[in-house]
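# Examining the three-dimensional arrangement
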Amino acid sequence: MSDTHIVGKRVPAANANEIVTGQARYCPDIDLPGMLFGKLLYSPYARARVIRLDVSKARKIPGVAAIITHADIPGENSYLYAAADQPLLVIDEVRYQGEALAAVAAVDEHTADIALAAIEVEYEQLPGIFDPVEAMHPDADQIVPGEKNVLSSHSFSTGDVEAAIATADVVIQNKYQTQCAEHAFLETEGGVGLVEDDGRITVYSSCQAPHRDRMQIARALAMPESMVRVITPSIGGAFGAKDEAHVQIHAALLAHATGQPVRLIRGRRESILTHVKRHPFIVEYTTAATSDGKLVAVKARAIADAGPYTNATQEVLHKFGEFVGGPYKIVNLEVELIGVRTNNPITGAFRGFGAPQAAFVYESQMDDLARKLGMDPLQIRLLNGVETGTKTYTGVLIREGSAMKASLRKAAEMIAWQKRHSCERQPAPHLRRGFGIATTIKGSGAGRGIADHASAALEMHRDGSVILHSAAADMGQGIVTVMTQIAAERLGIDLASITVTNADTSRSPDAGPTCASRQTMVSGNAVLKAANTIRDSLLTMAARKTKTEKHRLDLKVGHLTIDGKPHELSVKDLALRASNWGIPLHSESLVHFEYPEDAPMATYRFAQEVFQFGTQIAQVLVDCETGQVTVERLIAVHDAGKMINPGGVYGQIEGGIAQGIGYALTEELIVEAGLTQNPSLENYIVPLSLDIPEIEIEVLEIPEPFGAPLGAKGIAESPLVPTAPAIRNAICDAINKPLYRLPMTAERILSIGDD
Amino acid sequence: MFDLEIEVNGKQEQVSVEADTTLLYLLRDKLGLTGSKDGCRSGDCGACVVLLDGKTVNACMVLAPQANGASVMTVEGLAKDGELHPLQRCFSESWAFQCGFCTGGMLMSCYALLKSNSNPTRDEIRAAIAGNFCRCTGYQALVTAVEQAAAELRANNV
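Here the structure is a predicted model, which is why all the values come from computation and not from measurement. Position numbers for residues count from 1 along each chain, tracking the sequence in the order it is written. Here every chain gets a letter starting at A, and every ligand a number starting at 1, in the order they are written. With pLDDT at 70 or above as the cut-off, local features in this predicted model cover only qualifying residues; side-chain atom pairs require 80 or more to be listed or tallied, and sums for whole chains, interfaces and linings still use all residues.

### Some points on the interface of chain A and chain B
Accessible area lost during the coming together of the parts is what is often quoted as the interface size. What counts, and what does not: Placing C-beta atoms from the backbone, we regard two residues as in contact once those atoms come within 7 Å. Strands are runs of DSSP state E lasting at least 2 residues, helices are runs of H or I lasting at least 4, and numbering of each runs from the N terminus. Asp, Glu, Lys and Arg are counted as charged, while Ala, Val, Leu, Ile, Met, Phe, Trp, Tyr, Cys and Pro are counted as nonpolar; the rest, among them Gly, fall into the polar class.
Contacts between chain A and chain B engage 44 residues on the former and 41 residues on the latter. For the side of chain A that touches chain B, the secondary structure elements donating two or more residues are α1 (16–20) and α16 (646–665) of chain A. A breakdown of the residues in the side of chain A that touches chain B according to their chemical character gives 22 nonpolar, 16 polar and six charged.

See below:
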């Protein structure tokens, strides 16, 4: 595939024109005749019994079309992700601040607000449980009646950890804490529901998983899924939190109740209070090594705060455990993973699924180990790093792992690692400069053994134009652009000849959720397969017409080529001939995430087998008087397999690092006794343009050998993973003190003090 | 109700609004110009930045009656006769956005910058968009896009 004509090119995003002209339509931009405005009533308390919920007065307010409570839900009153333990509307007890009790539809937003204020709720506040360790106690009050507070408890071990630790030369043992973090996608959650003439329900949903949304809406309405249609309009970011359903179900319920279109958009405060957050973790971690720096054992115990409901807690913990040892050769490893219910905010998927928490811990440990042994942080990582052919502690054979050490070496070269300390280390009495490195591993796909498939449909018309149907949600990361480029490449046409429809469950079978860095591989392969079928029909016809063997033919830039030379027959000519002869140029594919038949099954259940490696080096300046950290330089080397679109890949890397800088230094949802103290973009501190340095990026294009479309693999999550530990190691290098808690705010750095 | 006259993207509009209507609501819901986005309603995100008499404002922080008699320019007013402004084209070519929700406000902040500074440094560009929150990118591609657009505009003016 070296001579591609569109794949590998930095073409603009498929929807770029609509975006720069302000014409792209997101949920809040949808305006339909007779449309009502939906709002939800949210609990101000973290835990309270609902003694009385009276909507009768509110219902009488002119302009209020409907108010629904749990009693008005025709079907199941629950979300359904991994479990069905979270109600759509509270029945008798609220379990976290911001849980919804009622849904209003009114003629305008103002009237909906008045109606919310007129709903009478009598609460009896209950003592909440906010400390996961306290919630784990056998005598602790049950947060969800009939359900254990420990909602998930798993362990995995390989080798003989205790023996390895007992005989090791060095043992490093630390306790880490990571924070509750907010996605802060710019477009808050939203949905627009409407009832079609034939009684079907259509929902425009700002989501990552349209088919899972459809299932959840259907079960809430007690309707067959065939009567529910979910469409994704443009989506203003998601980063995991829109993988789990939010208000699109309520929009559907209100539309169903009123017979009118209903638009329901969360305000910023409600958004921050209510959607799933990144899990705070408490981790006890032991690293054992020989005196020459070889890792011999890792032992970890992680407790994740789930909030009251399950959501993606098990999956996040599972991925944390999968990557808990990092990209290192470890024979003896033991990990215990515990998810606990509390009355804190609900937590779930957020870019990286547990991998960022794990990386902060294992990469901090590596630096502490290097320091204790007097070794170079780069060398100790090279010494222990995995390679192609390494069998990991999860029992996976790494089919392509050369990027692990290549990324370390390249990053080190870019910053002249060995000479790093020749710069001014103390440019002023109160300023200290430091350098930190972190190298990480993240997988693509749901994991082997979990359903992981996608469909795509392509149709070429008689004029050579093509329509592509896919239900893969694009939240900005660029899967639609990727699919368009793959289709254009294989069909030998230009991008302008391809039209892509929005993800629409009535047009396309399931492409699965857009998560786990999977769509480039799974939906990419689905498009590749469908395009190859049409291509084959075109080439069969061309072979007949030109009386040439098929293997000498190709389609390039609109034309047939024979032995690489352009022929007068265009792809359009071939499309017209096919149409005249009744040869179908339509193909719908279904592909599964592929694994080689002879690959051994992993010992870690549902382990991923395609990996993205990446190394980042941070140079920081710490103000020891204020605790302020300035990231002066950030070097990032990542592998993405073959890049389908460098614009998209670099964008993912820059954006992931920006989020990683926030995760490292400033972002923390401050929750006191279950109540969020900073539910605004003013007080939840995300990095802005002046907080991020010019990031120096190098992409290693090492094609993935198996199951990757044209060698491409996912890149969405991995760039965020090394940033926080790289910055942590740089701060520690500067101030010569270790840090074990995220975020590393000025206050926390000051409280440690300089030496 | 408050009757007001306002010029939006060169077009004279007469509208009646409640006195507490924001300029953002006026643009989006009364005039159907949804390129300015509602990201926070508190002036923190910049997704609704428009030009009010040539100056950048967060439209969510301006009451519509305050814009009576004023001239407003939104992202919809950037392209002329179907031809993209160099900023718009450079934003596309440089991947200056991903989800695009910040883009309308971002473009207007950058447009205002280039009106007052035809050759900004990367730091000056970063300062000009310091009130525009983007969660998808690292701002870097965006800064490059503005540099390129500025160079193009300078070349065209010679």
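### Let's talk about the domain arrangement of chain B
All names here are of chain B. As a reminder of what qualifies: Those domain boundaries reflect an automatic or database domain assignment.
Here the domain parsing of chain B yields domain 1 (2–77) and domain 2 (86–157). Here the C-alpha centre of domain 2 lies 21 Å away from the C-alpha centre of domain 1. Counting residues per element, the side of domain 1 that touches domain 2 draws most heavily on strand β3 (residues 49–52), which supplies three residues. Taken together, the residues that form the side of domain 1 that touches domain 2 break down as seven nonpolar, five polar and one charged.

### Focus: the sheet that holds strand β5 (residues 100–106) of chain A
Hydrogen bonds between backbone groups are what pair the strands of a sheet, and the pairing can be parallel or antiparallel. All names here are of chain A. Put simply, the rule reads: Strands pair, by our definition, only if DSSP identifies at least two bridges between them. For every element, the axis is a line fit to its C-alpha atoms; helices are fit only across the contacting stretch, and the angle between N-to-C directions ranges from 0 to 180 degrees.
With mixed pairing, the seven strands of this open sheet are ordered in space as β3-β5-β1-β12-β9-β10-β11. Every interior strand has two partners, whereas the edge strands, β3 (64–68) and β11 (228–231), have only one. Going from strand to strand, the sheet's axes swing by 20 degrees on average, the running direction of each strand aside. Summarising the sheet, strand β9 (residues 190–195) and strand β10 (residues 201–205) pair through five bridges and their orientation is antiparallel. Residue pairing across strands places V192 opposite Y204, the latter belonging to β10. Docked against the sheet, helix α6 (residues 210–221) engages β10 and β11, running at close to 145 degrees with respect to β11.

### Details of the domain arrangement of chain A
Residue and element names in this part refer to chain A. Domain assignment breaks chain A into domain 1 (27–127 + 184–274), domain 2 (277–384 + 396–447 + 600–752) and domain 3 (453–592). Placing the centre of domain 2 and that of domain 3 at their C-alpha centroids yields a distance of 38 Å. Counting residues at the interface gives 22 residues for domain 2, matched by 15 residues for domain 3. Those elements that provide at least two residues to the side of domain 2 that touches domain 3 are β18 (431–444), β26 (610–623) and α16. Its residues assigned to classes, the side of domain 2 that touches domain 3 comprises eleven nonpolar, eight polar and three charged.

### Some words on the sheet that holds strand β1 (residues 2–8) of chain B
Residues and elements named next belong to chain B. Sheet architecture is open: five strands sit in the order β2-β1-β5-β3-β4, paired in mixed fashion. With partners counted over all chains shown, the strands left at the sheet margins are β2 (11–17) and β4 (55–58), one partner each. Mean inter-strand twist for the sheet, computed between neighbouring axes without regard to direction, equals 40 degrees. Pairing analysis gives seven bridges linking β1 to β2, with the strands arranged antiparallel. Looking across to β2, one finds that L4 is bridged to V15. Here helix α3 (residues 103–116) sits on the sheet and contacts β3 and β4; the angle it forms with β3, its principal contact strand, is near 40 degrees.

### A look at unusual backbone geometry
The residue after L742(A), namely P743(A), is reached through a cis peptide bond having omega -10 degrees. Tracing the backbone shows P743(A) in the loop between α17 (723–735) and α18 (746–752). You will see that N9(B), though not glycine, has its phi angle at about 50 degrees, which is positive. By secondary structure assignment, the location of N9(B) is in the loop between β1 and β2.

### Some details on the pairing of β3(B)
Residue and element names in this part refer to chain B. Where β3 meets β4, four bridges bridge the pair, whose relative direction is antiparallel. Bridge pairing links L51 to T56 in β4. In this structure, β3 lies alongside strand β5 (residues 71–73), joined through two bridges in antiparallel fashion. Bridge pairing in β5 links L51 to M73.

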